[in-house]
Amino acid sequence: MDGIYAEGIEMKSLLLTAFDPFAHYTMNPSWEVVQALPETINNYHIHKLRVPNIFGLAPRLLLEEAQRVQPDVILMTGMNSGTTKIDINLAALNIKDALIEDNMGRKPWNEPILADAPAAYFATIPVPEIVRSLRAQKLPVQLEFASGGYVCNEIFYRAAHAYAGTTTKVGFVHVPLLPEMVFDESLARPLEETIAILKAIIERL
């Protein structure tokens, strides 16, 4: 990618995505975190994009924006209500396996994302190294092997497929719920903490 030079530093481009609310939620913590991040982190200029929780549409919008931005890194984020840690996903699977409906009321089950395509793609950001680095600082980060079968997995898989074999790095991060989304705040993580951890992840790319 052609770099943009600022004060002698070659700037790179990072496309950072998050989702809109879905199911019974009125907010999505991934977008709350992403929109709160600065426009520049280290030598990355951050391009932010909110995508809908809709099969087919979310990856199409992502790939259209990536074509426009020509990013060095695509880092996607989503919500995981089952943990208070930040998950960095290792792989995307070629499957649509929804436990709940998307925002168009669709609930695909045991369907491939792309026919005659690989069963899985690994993230091309350095997932194990980032996890080890942040855990050494006692930060609540964990490696998650796969990203499920919902829209988050589809968008991750389609991005990994589109940029396989290129210099553009691809990864996915799941963030926990916010305290205002739950009755028991021990089941969530404050926004400021998640922002700081996602920023630390980007700094290690």
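In this report, we go over the structure that sits alongside the text. Remember, predicted model here, so these are calculated numbers, not experimental data.

Moving on: the overall build of the protein chain. The secondary structure content of the protein chain amounts to five helices and nine strands. Helices (α) and strands (β) of the protein chain occur, in sequence order from the N terminus, as β-β-α-β-β-α-β-β-β-α-β-α-β-α. The globule rule puts the C-alpha radius of gyration for 205 residues at 17 Å, and the 16 Å found for the protein chain is close to it. Once the C-alpha set of the protein chain is aligned to its principal axes, its extents read approximately 50 × 45 × 25 Å. The burial tally for the protein chain puts 49% of its 205 residues in the buried class. Counted over contacts in the protein chain with a minimum sequence separation of 6, partners at least 24 positions apart contribute 76%. As displayed, the protein chain has an accessible area near 9,900 Å², and 53% of this comes from carbon and sulfur atoms. Separation of charge centres in the protein chain, based on 17 positive and 24 negative side chains, amounts to 4 Å.

The final tally for this structure, using the stated rule, is five aromatic pairs. Ring geometry for Phe22 against Tyr150: centres 5.6 Å apart, planes inclined by 40°, an arrangement best described as tilted. One end of the pair, Phe22, is in the loop between strand E2 (9-19) and helix H1 (29-36); the other, Tyr150, is in the loop between strand E8 (141-146) and helix H4 (151-162), and 128 residues separate them in sequence. For Phe22, a relative accessible area of 11% corresponds to the buried category. Among the aromatic residues, those joined into a ring-pair cluster are Phe22, Tyr25, Phe55 and Tyr150.

Attention now goes to the packing of helix H2 (residues 57-69) against H4. Between H2 and H4, the shortest axis-to-axis distance is 8 Å and the interhelical angle comes to 40°. Relative to H4, H2 is oriented so that their crossing is right-handed. Residues Ala58, Pro59, Leu62 and Leu63 of H2 form the contact with H4, whose participating residues are Val151, Glu154, Ile155, Arg158, Ala159 and Ala162. Across the contact of H2 with H4, the residue classes tally to eight nonpolar, no polar and two charged.

Our next topic: unusual backbone geometry. Comment: phi is negative for the bulk of residues other than glycine, and the bulk of peptide bonds are trans. Non-glycine residue Gln70 carries a positive phi angle of around 55°. Position of Gln70 relative to the elements: it lies in the loop between H2 and strand E5 (73-79). Take Gln70: its relative accessible area is 37%, and that puts it in the partly exposed class.

Right, let's get into the environment of Leu198. Relative to the helices and strands, Leu198 resides in helix H5 (residues 191-203). Since its relative accessible area comes to 2%, Leu198 is described here as buried. Spatially, the C-alpha atoms of Leu198 and Val175 are 8.7 Å apart, while their sequence positions differ by 23 residues. Beyond its immediate sequence surroundings of up to four residues, Leu198 is in contact with Val33, Val34, Leu37, Leu75, Thr77 and Val173.

This paragraph deals with the pattern of salt bridges. Pairing is possible between side chains that carry opposite charge, provided their charged atoms lie close to one another. Considering all chains together, one arrives at seven salt bridges under this definition. We note a salt bridge from Glu193 to Arg189, for which the minimum N-O separation is 2.6 Å.

Every buried residue of H1 is accounted for by Pro29, Ser30, Trp31, Val33 and Val34. Lining the buried residues of H1 we find E2, strand E4 (44-51), E5, strand E9 (169-175) and H5.

Conventions we followed
Residues numbered from 1 in each chain as written. Predicted model: local features only at pLDDT ≥ 70, side-chain atom pairs only at ≥ 80, totals over all residues. Heavy atoms only, no water. Helix = DSSP H or I, 4+ residues; strand = E, 2+ residues; numbered from the N terminus. Rg over C-alpha atoms; globule rule 2.2 N^0.38 Å. Buried < 20%, exposed > 50% of the residue type's maximum accessible area, 1.4 Å probe, protein only. Contact = heavy atoms within 4.5 Å. Areas by Shrake-Rupley, 256 points an atom, 1.4 Å probe, with all protein chains shown as cover. Lys, Arg positive; Asp, Glu negative; His and termini not counted. Charge placed at Lys NZ, Arg CZ, Asp CG, Glu CD. Phe/Tyr/Trp six-rings, centres within 6.5 Å; stacked < 30°, edge-to-face > 60°. Axes fitted to C-alpha atoms, helices over the stretch in contact; angles between N-to-C directions. Left-handed = near helix turned anticlockwise from the far one by under 90°. Nonpolar A, V, L, I, M, F, W, Y, C, P; charged D, E, K, R; others polar. Salt bridge = Lys/Arg side-chain N within 4 Å of Asp/Glu carboxyl O.

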